[in-house]
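# Overview (structure and organization)
Now for the letters of each chain:
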Amino acid sequence: MDPVIAGLGWELQRHPLFAALSSAELGRLLSAAHSIAVPSGKQIFAQGDESDCLYILLSGRVKISVFSESGKETVLAFMGENEVLGEMGVFDGGARSATAITLQDTRALRLSRADVIAFLERNPAVSLQIIATLCNRLRQTNVLTEEIATLHAGPRVAHALLRLSEVYGAEDKNGGVRIEIKLSQSNLGAHAGLTRENVNRQLKMLENEGLLKNEAGIITLLQLTKLKALSES
């Protein structure tokens, strides 16, 4: 087995999809994996594609988006190291429900649907972890849909930033929370259901009010309490 793949076991056992596995069981699953490299700005898979595999991210950053018939993009999530994508279609055999596009040069492990299904048949306990993970993602999508349908621009942006800070936030030396993703205004807008121009306007207002700092797409939240209050208004 590739030494890089072999060294992933401990990290992946912290992921909900793999937490029920022993080191030996996880090692057997990873032995069937193949590593891939995808440059920044490229699709890993597209909405409507055949679901023939899932991916475990080793490095880089990926956005998961859905597109309307008119081409409007909604970003459902941003994903990074040790996260799993593309599992839904692998488990139900349906087409890809979303598009995965790299935001940085990305390395991943590819596991074929046949290998994953065979593994689950040998390890049925893992299915409960999978169900829980998929239900959590469905809840997150429902929350995002509700926000887009009911909230004004300011609360939407505040919600999106707070949501990202929970997953990718790191406290800085001044007590702020730095979101460890470089976000373009277009991607943030697609995540909040807003145009780039509207996001630009909202970010400037929040920065002028001292609620955040935006340094070339790296956003630090300075006033979490006030942002939470705005998100609920």
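A brief structural summary. Owing to the predicted nature of the structure, the values given are computational and were not obtained by experimental measurement.

### What to know about helix 9 (residues 196-208)
Given a rise of 1.5 Å per residue, 13 residues ought to cover 18 Å, and the 18 Å separating the end C-alpha atoms of helix 9 matches this to within 8%. Three or more residues of helix 9 are buried, namely Asn198, Val199, Gln202, Leu203 and Leu206. Angular distribution of buried residues about the axis of helix 9 spans 130 degrees; they occupy a single face of the element. Here the buried face of helix 9 lies against helix 7 (153-168), helix 8 (185-192), strand 11 (212-215), strand 12 (218-221) and helix 10 (224-231). Gly210 occupies a position one or two residues after helix 9 and carries a positive phi of about 80 degrees.

### Regarding unusual backbone geometry
Its identity is not glycine, yet Ala216 carries a phi of approximately 55 degrees, on the positive side. Among the secondary structure elements, Ala216 is positioned in the loop between strand 11 and strand 12.

### Observations regarding the sheet that holds strand 1 (residues 34-38)
Note on sheets: strands pair through backbone hydrogen bonds, and any given pair is parallel or antiparallel. Taken in spatial order, the 4 strands of this open sheet run 1-8-3-6, and their pairing is antiparallel. The open sheet has two edge strands, strand 1 and strand 6 (84-85), and neither has a second partner.

### What about the nonpolar core?
Core analysis: the largest hydrophobic core is formed by 25 residues, its most contacted members being Leu161, Leu164, Leu188, Leu203 and Leu221. Among the secondary structure elements, those contributing two or more residues to this core are strand 5 (73-79), helix 7, helix 8, helix 9 and strand 12. In terms of residue count, the dominant contributor to this core is helix 7 (8 residues). Ranked by size, the runner-up nonpolar core spans 19 residues in total, among them Ala33, Leu54, Leu58 and Leu111.

### Observations regarding the side chain of Lys63
Position of Lys63 among the secondary structure elements: in strand 4 (residues 62-67). What makes Lys63 buried here is its relative accessible area of 9%. Of the polar contacts made by the side chain of Lys63, one reaches the side chain of Glu73; its length is 3.0 Å. For Lys63, the residues in contact, after removing those within four places along its chain, are Glu73, Val75, Ala77, Phe78, Thr99, Ala100, Ile101, Leu103 and Asn187.

About the criteria used
- Residues numbered from 1 in each chain as written.
- Predicted model: local features only at pLDDT ≥ 70, side-chain atom pairs only at ≥ 80, totals over all residues.
- Heavy atoms only, no water.
- Helix = DSSP H or I, 4+ residues; strand = E, 2+ residues; numbered from the N terminus.
- Expected span 1.5 Å × (residues − 1).
- Buried < 20%, exposed > 50% of the residue type's maximum accessible area, 1.4 Å probe, protein only.
- Arc of directions from axis to C-beta.
- Contact = heavy atoms within 4.5 Å.
- Pairing = 2+ DSSP bridges.
- Core = buried A, V, L, I, M, F, W, Y, C linked by side-chain atoms within 4.5 Å.
- Polar contact = N/O pair within 3.5 Å; in protein donor to acceptor, adjacent residues only side chain to side chain.

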